[in-house]
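Chain and residue survey
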Amino acid sequence: GLSRNESIRCWSNIPFITMPLSRAHGKSFAHRSELKHAKRIVVKLGSAVVTRGDECGLALGRLASIVEQVSMLQNQGREMMIVTSGAVAFGKQRLRHEILLSQSVRQALHSGQSQLKDMAIPVLEARACAAAGQSGLMALYEAMFTQYSICAAQILVTNLDFHDEQKRRNLNGTLHELLRMNIVPIINTNDAVVPPPEPNSDLQGVNVISVKDNDSLAARLAVEMKTDLLIVLSDVEGLFDSPPGSDDAKLIDIFYPGDQQSVTFGTKSRVGMGGMEAKVKAALWALQGGTSVVIANGTHPKISGHVITDIVDGKKVGTFFSEVKPAGPTVEQQGEMARTGGRTLAALQPEQRAEIIYRLADLLTDQREEILLANKKDLEEAENKGRLALPLLKRLTLSTSKLNSLAIGLRQIAASSQDSVGRVIRRTRIAKDLELEQVTVPIGVLLVIFESRPDCLPQVSALAIASGNGLLLKGGKEAAYSNQILHHLTQEALSIHGVKDAVQLVNTREEVEDLCRLDKLIDLIIPRGSSQLVKDIQKAAKGIPVMGHSEGICHVYVDVDASVEKVTRIIRDSKCEYPAACNALETLLIHRDLLRTPLFDQIIDMLRIEQVKIHAGPKFASYLTFSPSEVKSLRTEYGDLECCIEVVDSVQEAVEHIHKYGSSHTDVIITENEKTAEFFLQHVDSACVFWNASTRFSDGYRFGLGAEVGISTSRIHARGPVGIEGLLTTKWLLRGDSHVVSDFSEQGSMKYLHESLPLPQRNTS
């Protein structure tokens, strides 16, 4: 046999069959994230992608967007090749039209009138269709590529061209020459002369492949041309573990050559020769030859506009074939594990869940050295790369005191959450011996995405454990070492009751956007991080609710009846105590009558001493002869020692301003007039509205919720600071004794009572 590193290709003596025995070019890519480095790419378009649903004529919109994507990649300096189907369908349309025309002319001559409706549409020979369609198909590609200043060239091949050494070398030479000149070769089988396909002529093993459909042609070509990536587009999302459409069919994200046993194949594609089996065979064959392969759907109207560029960007589209099996479970498997683990966790006794959290709190202090060592590694890497801004570095840093206060927080969660799950919140006697209860239950599986703050991990884990939820955690790359050890300790604590799997840390390679698409696995997403992170997640989460707020534009309104002492204290605390917090003051609204009063001067002096940069709102600026910089937008969250000052004429105008520019987070009025205050509290539509208190109180811990899951500005389920209650939902339990609805009809023997029953005593010990 040949050794691995010899770059000799051995062509076997069986007709049209090759065996790539050794790699002439590098290995295929191990991960999707590496696909962006692919230089030479073959895009294979199946008949279902190129043709319309009725198989007569081309799907122009799809083709145009595919050409656009290929051109974009070509113009990035990649070498693109297209293997296309579609000549037969295009020809079929043209020939039908021709025949109908000529028949109708003949009939019109014979009978003096046209009887088109009786005419049968003829059965057309595929080879004739191909001959008629090929030139038109090519003309279409030409016209489209010209729009992107790219030249395309046509190449027709048959089996024999691969069988014949000389022809194969010629083909290879031609293609290389075209690529060198920045031309996109468009390759098709010469369907005008091909013999009809023989069934199963290439089943002698995976090493063997004959060009009988465009999948195998594309694979042959990809390996022949030492291509980095082969993208096979058809009308199926990718490879499923059982025929798509059957009950449990799951899309396989990454497929390894060893996994073939786990797949059962169904029938062929709607049009075209190649069924999924042919595609997999072709894909594995190409993979052996060192070419990465992705099989994806090119017909889906929502995705076809960016499917090719998404694949090259490394996004989760279709099935990626890889020879490298990654260590550890896939994120889909982790989701399943979290779901099962979460259900077991929810079935434990409350004391057992509390024990797990107490154990985790102890581990945080016992294993302090190890945790800080891992954290130091993260900090060193961050400093070496010089990527992180100072506030982020601050958040990334763990210290003994942070760990101690974390442990205290965890013990509080354990103590306060004993009766959160399974609490009865309503009892009703519906009829004699028919009792209804509404009880709290966990939401299911939570996905928490957090940036740079490793201390978030144990805190969120404790909340999930206390509320019986399964948990997927996605931390930032910058805290990888810290997150790993903290997750390890969490699992150690969970294993005292055998529920280690309930909390899963997702591999850093996974893109947040891809996680947000797993709507069958995840019930709620909680982002903890910058407003940009939250915005991105809200955009990416299709169909999964997101609990959080993307902005904290908090207002303090100083009323005409405000007390001098209270104003500066509250404003200083709201703005300067921790300006990066989401509940810090961003816009100060001042009643017009306070301008040029000693109170106003005191506010300005205090802000100056605290080095707060002031931006003037348009109305405030108009009162000033020389004003500080005018605001760019009244909807700004500064997150720093800066704030905007604006003037309003009345409490009503203050409320209107808050509704127009605020983010429904936290808004405050400072006044001694109770009537004005009550008006403000009633009318401001924010999650938190305060009177004579700092904005910084809107926080789960300060509200006495034990700990905070986040602050929500959405309007359903949970609003404002969310404690453990926000991680629960309810279910209804009905206990009867042979009750049926028909007993309650007008003629029936039973009557509805609908009596409220007392709730069981809560265990507050």
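Read on for a plain summary of the structure. Only a predicted model underlies this, so the values are computations on that prediction, with no experimental measurement involved.

The next thing to look at is the packing of helix 19 (residues 564-576) against helix 20 (residues 598-609). The N-to-C vectors of helix 19 and helix 20 enclose an angle of 25°; their axes lie 10 Å apart at closest approach. On the basis of the axis angle, helix 19 is roughly parallel to helix 20. For the crossing formed where helix 19 meets helix 20, the hand is right-handed. Contacts between helix 19 and helix 20 involve Val564, Val567, Thr568, Ile571 and Arg572 from the first element and Leu599, Gln602, Ile603, Met606 and Leu607 from the second. Looking at the contact of helix 19 with helix 20, its residues break down into seven nonpolar, two polar and one charged.

Strand order across the open sheet formed by eight strands is 3-4-2-1-5-7-8-6, with mixed pairing between neighbours. Looking at strand neighbours, the two that pair on one side only are strand 3 (151-157) and strand 6 (254-255), the edges of this open sheet. Bridge analysis of strand 5 (residues 229-234) against strand 7 (residues 292-297) gives six bridges, and the strand direction is parallel. Bridge pairing in strand 7 places Leu233 opposite Ala296. Relative to strand 4 (residues 183-189), helix 4 (residues 126-146) is tilted by about 160°, and along the sheet it contacts strand 1 (40-45), strand 2 (79-84), strand 3 and strand 4.

Under the criterion given, the structure shown has 33 salt bridges. A salt bridge links Asp362 to Arg411; its shortest N-O distance comes to 2.9 Å. Pair noted here: Asp362 is in helix 11 (residues 350-366) and Arg411 is in helix 14 (residues 400-416), with a separation of 49 residues, a long-range link. With a closest N to O distance of 3.0 Å, Glu653 and Lys619 form a salt bridge. Residue Glu653 is located in helix 22 (residues 651-661), and its partner Lys619 is located in helix 21 (residues 618-623); the two are separated by 34 residues in the primary sequence. With relative accessibility at 25%, the residue Glu653 sits in the partly exposed group. Among the ionic contacts, a cluster of salt bridges with common partners joins Arg32, Asp253, Lys316 and Glu332.

A separate point is the nonpolar core. Grouped together as the largest cluster of nonpolar side chains are 50 residues, with contacts concentrated most on Leu345, Ile356, Ile357, Ile371, Leu471, Leu473 and Met547. Per-element accounting of this core gives the leading share, eight residues, to helix 15 (residues 456-466). Excluding its chain neighbours within four sequence positions, the residues that come into contact with Ile371 are Leu363, Leu364, Leu398, Leu403, Ile485, Leu486 and Leu489. Counting residues in hydrophobic clusters, the runner-up holds 38 residues, among them Val43, Leu58, Val307 and Phe320.

What follows concerns a nonpolar patch on the surface. There is a patch of nonpolar side chains on the surface, built from Phe697, Phe703 and Leu705 and spanning about 260 Å² of accessible area. Mapping Phe697 onto the fold places it in the loop between strand 20 (688-691) and strand 21 (710-712).

What counts, and at which threshold
- Each residue is numbered by its place in its chain's sequence as written, counting from 1.
- Only residues with pLDDT of at least 70 get local features here, since the model is predicted, and only at 80 or more are side-chain atom pairs given and counted; chain-wide, interface and lining totals rely on the full set of residues.
- To obtain the side-chain values, all non-hydrogen atoms of the structure were included, while hydrogens and water were left out.
- Helix axes use the C-alpha atoms of the stretch in contact, all axes being lines fitted to C-alpha atoms, and the angles between their N-to-C directions lie in the range 0 to 180 degrees.
- The secondary structure listing takes helices from DSSP runs of H or I that are at least 4 residues long and strands from runs of E that are at least 2 residues long, numbered from the N terminus.
- To sort the angles, those under 35 degrees are grouped as roughly parallel, those over 145 as roughly antiparallel, those from 65 to 115 as roughly perpendicular, and the leftovers as oblique.
- A clockwise turn of the near helix away from the far one marks a right-handed crossing, whereas an anticlockwise turn of less than a right angle marks a left-handed crossing.
- We call two residues contacting when some pair of their heavy atoms lies within 4.5 Å.
- Gly counts as polar in this scheme, as do all residues outside two lists: the nonpolar Ala, Val, Leu, Ile, Met, Phe, Trp, Tyr, Cys and Pro, and the charged Asp, Glu, Lys and Arg.
- Paired strands, as defined in this entry, are two strands with at least two bridges between them according to DSSP.
- Salt bridges are defined as contacts in which a side-chain nitrogen from Lys or Arg sits within 4 Å of a carboxyl oxygen from Asp or Glu.
- Residue exposure (1.4 Å probe, protein chains only): buried if accessible area is under 20% of the type maximum, exposed if over 50%, otherwise partly exposed.
- Throughout, nonpolar core names a set of buried Ala, Val, Leu, Ile, Met, Phe, Trp, Tyr and Cys residues whose side chains join them through atoms within 4.5 Å.
- Patches in this entry comprise residues that are over 30% relatively accessible and not in a salt bridge; like charges within 9 Å are linked, as are nonpolar side chains (Val, Leu, Ile, Met, Phe, Trp, Tyr) within 5 Å.
- Only the protein chains shown count as cover for residues, with accessible areas throughout obtained via the Shrake-Rupley method and a probe of 1.4 Å.

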